[in-house]
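Understanding the architecture of this molecule
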Amino acid sequence: MELNNFTAIKGCDFARRNTQHSPMFLAMDLGSTETRSLVFNSAGESQGLIHLDSNYAILSRGIDHIGNPDDELSSKLEAVIIDRTAGNKTEAPFSKVHVVKGKLRNVADVHVVNTTANASKIDQDPTYINCVFNTAYMLLLRSAAMGALPEATVPVDITVSMPPEDTISQNRIDRFKSRLAGQYQVTFPRLDSTIQFEIKAEDITVISEPNAVAIYQQGTDPLDQESAFGFIDIGGRSAGYSFVRGGVLLEDNCVTEPVGGNTMQNIIATLVADKLNIHRPTNDVVNRALKTGNIKIGSRMIDISSCINAAKQEIASTLFNGFTTAMDSNNLQAQQLSKIFCSGRSFGVSQDEGGIKSPSLMNALEGMFRLRSPYTDFQLIDSQDAIVTGLMYARLCAVE
Amino acid sequence: MGEEKKISISGTITISASVFESISAAVELMPSVLGIYIPLGESDAIDAWLSEMFTDYFRMKAEFDPTAKSKAAASNVDLNETNQLLRDILRAINKRPVGVVATQGMMTSPAVTQSAGEATTSVFADNDTSTDESYVSPPQDEQPAPPPPVDINKLRNRVGASFLKGK
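Description of the structure in this document. (Residues numbered from 1 in each chain as written. Chains lettered and ligands numbered in written order. Predicted model: local features only at pLDDT ≥ 70, side-chain atom pairs only at ≥ 80, totals over all residues. Heavy atoms only, no water.)

A closer look at the overall build of chain A
Along its length, chain A carries 12 helices and 20 strands. Residue burial in chain A is summarised as follows: out of 400 residues, 62% are buried. Accessible area for chain A stands at about 14900 Å²; split by element, carbon and sulfur atoms hold 45% of it. (Helix = DSSP H or I, 4+ residues; strand = E, 2+ residues; numbered from the N terminus. Buried < 20%, exposed > 50% of the residue type's maximum accessible area, 1.4 Å probe, protein only. Areas by Shrake-Rupley, 256 points an atom, 1.4 Å probe, with all protein chains shown as cover.)

Remarks on the packing of helix H9 (residues 305–329) of chain A against helix H11 (residues 361–372) of chain A
Residues and elements named next belong to chain A. Look at H9 against H11: their axes get within 9 Å of each other, and the N-to-C directions meet at 50 degrees. Overall, the two elements H9 and H11 adopt an arrangement that is oblique. By crossing handedness, the relation of H9 to H11 is classed as right-handed. Seen from H9, the contacting residues are Lys312, Gln313, Ile315, Ala316, Ser317, Leu319, Phe320, Phe323, Thr324 and Met327; seen from H11, they are Leu361, Ala364, Leu365, Met368, Phe369 and Arg372. The class makeup of the residues in the contact of H9 with H11 is 11 nonpolar, three polar and two charged. (Axes fitted to C-alpha atoms, helices over the stretch in contact; angles between N-to-C directions. Parallel < 35°, antiparallel > 145°, perpendicular 65-115°, else oblique. Left-handed = near helix turned anticlockwise from the far one by under 90°. Contact = heavy atoms within 4.5 Å. Nonpolar A, V, L, I, M, F, W, Y, C, P; charged D, E, K, R; others polar.)

Observations regarding the pairing of strand S11 (residues 182–188) of chain A
Residues and elements named next belong to chain A. The buried fraction of S11 amounts to five of the seven residues, a majority that puts the element mostly inside the structure. One ladder, built from four bridges, connects strand S6 (residues 78–83) with S11; its direction is antiparallel. Looking at S11, one finds that Ile82 is bridged to Gln185. Strand direction decides the pairing type here: S11 and strand S12 (residues 193–199), joined by seven bridges, are antiparallel. Residue pairing across strands places Gly182 opposite Ile199, the latter belonging to S12. Following S11, the chain reverses through four residues before pairing antiparallel with S12; Asp192 in that reversal takes a positive phi of roughly 50 degrees. (Pairing = 2+ DSSP bridges.)

With respect to the packing of aromatic side chains
Residues and elements named next belong to chain A. A full pass over the atoms with the stated rule returns 13 aromatic pairs over all chains. Centre to centre, the rings of Phe133 and Phe188 are 6.1 Å apart; their planes meet at 80 degrees, and the pair counts as edge-to-face. Note that Phe133 is positioned in helix H3 (residues 125–146) and Phe188 in strand S11, a separation of 55 residues in sequence. Summarising the aromatic geometry, the rings of Phe323 and Phe369 are spaced 5.9 Å apart at their centres and angled 65 degrees between planes, so their arrangement reads as edge-to-face. Within this pair, whereas Phe323 is found in helix H9, its partner Phe369 is found in helix H11, the two being separated by 46 residues in sequence. An aromatic cluster of at least three residues, connected via ring pairs, comprises Tyr241, Phe243, Phe320, Phe323, Phe369 and Phe378. The residue whose ring lies beneath Lys101 is Phe133, and the NZ or CZ to ring-centre distance is 5.3 Å. (Phe/Tyr/Trp six-rings, centres within 6.5 Å; stacked < 30°, edge-to-face > 60°. Lys NZ or Arg CZ within 6 Å of the ring centre and 35° of its normal.)

Here's the deal with the nonpolar core
Residues and elements named next belong to chain A. Core analysis: the largest hydrophobic core is formed by 46 residues, its most contacted members being Ile81, Ile158, Phe176, Leu180, Val186, Phe188 and Phe197. The leading source of residues in this core is H3, at 11 residues. Non-local contacts of Phe197, meaning those with residues more than four positions away in its chain, are made with Val132, Thr135, Ala136, Leu139, Thr153, Val154, Val156, Gly182, Gln183, Tyr184 and Val186. Counting 44 residues, the second largest nonpolar core, distinct from the first, contains Ile295, Ala326, Ala364 and Phe378. (Core = buried A, V, L, I, M, F, W, Y, C linked by side-chain atoms within 4.5 Å.)

What about the environment of Leu155(B)?
Tracing the chain through its elements places Leu155(B) in helix H5 (residues 152–158). Given a relative accessible area of 2%, Leu155(B) falls into the buried group. The spacing of Leu155(B) and Pro139(B) is 16 residues in sequence and 32 Å in space, taken between C-alpha atoms. In this structure Leu155(B) touches Gly219(A), Tyr393(A), Leu396(A), Cys397(A), Val150(B) and Gly160(B), once residues within four positions along its chain are discounted.

Thoughts on the sheet that holds strand S14 (residues 228–234) of chain A
All names here are of chain A. If you walk across this open sheet you meet the five strands as S16-S15-S14-S19-S20, and the pairing is mixed. Two strands close off the open sheet at either side, each with one partner strand: strand S16 (248–249) and strand S20 (377–380). Of the pairings in the sheet, the one linking S14 to strand S15 (residues 239–245) comprises seven bridges and is antiparallel in character. Bridge pairing in S15 links Ile232 to Tyr241. Those strands touched by H9 are S14, S15 and strand S19 (337–343), and its axis lies near 40 degrees from that of S15.

As structure tokens, this is what we get:
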């Protein structure tokens, strides 16, 4: 069964029902920008990996008059989500929401909801809506790949990643579980399908993002047991640290740095506006500039590599300070670390398209760290799916 | 003008050896540069090789197309044509796509740019059409492949209780 086989899925008769649906194991990296969901089975076979934008819009009116942008499944992502157990919860994030995502959201004139770094993910309702939506989407894909939708409610076992600040306290993890656990009914009107699934609190596993990266690395290419290693994971809106020493994953630093790729975009936008005496460029424009070092203003293409470098230095400086504090709290010296692994798109940006006008964020951080420990190596983790794969590894190791 | 070099673009363009060397040197100095900003009128040296190149280019073009710009028009070059020509030449030399921006006069700030009211083009605009603000997930055919199957026993040996005991 292959969820990513969209041709087969398109041909699925969603009216067909059967009872042959086993529990679904799901790993989910709930990023601020993109959510990566991975379906796997207890035998260690991954069945499908989907990247879907985390942004969504809640509809208060019908959008039936808007046609599908194209024939892709991700262009028909309108869903009505009902939490049948909302009445039993003390802090239900929602009871019924009408949500639209993907290209369809783009063509509809609707207000987009994002997660923010100003509050913990556990405290934000978008985290739950996103999680439930993506669970439903993955279950729908799995069902289509199996040739029929489930007749009954499907149990879902889910492993999700959170920033370290959300995983350091068992109370907060329990709160997340109590808010997410429930019985859900999700209808995709543009796909003529309704599915039902249940997530029990005991079937929810929460792992910090940098720990998931460390588990991914250990599972993929085992770390030397005699050495110590650092892990820095940077996302769209926050970053976190983790360490492995003597073959043991240490505690996280409890502080999540509120800096990420979006912070870098904002700094660059401000610097460019100041330098060129213009309005702040949009994130989209800045994103493209990050690949080339140039920004298109009006009819002109202007080199803004100095602004990009300055922003990277600022972010690297924040990460460096946070990381050294985290080392202190784990009783580690800089020179003890033989290697620091960096994961997250922002670390490698500027090298994506071969541009050399601005060194990567990892290079900037490496330059700072070298002053403390000249013999510590830095390595970029290339995979964008390190976290979600690490989550799967962690869950597989716990499956009895 | 020295020995002539021929580089194949769409057809053949003849440029002088010095122009070829200048461009080659620039490409060699910046092997990964995607964009080269060439401010016309900013530097005598750049002007010299540009005008030399355009002289050749327009001479050649005039020979085949009587309506094309003459050699004399090279001093007032068409920027669209300039950009296209530079891009083609650099691509041919460098064997890969490059971006080129040729503009007239100094570009110090947008205010200067606007008041000058100059005609400017940019080949970067080729891939620069999106105005979308928000991120949208990749299309179906660009979705990543799932990770390969895992040997559970091997995985448990690597990421077992001893690895996670510090948690």
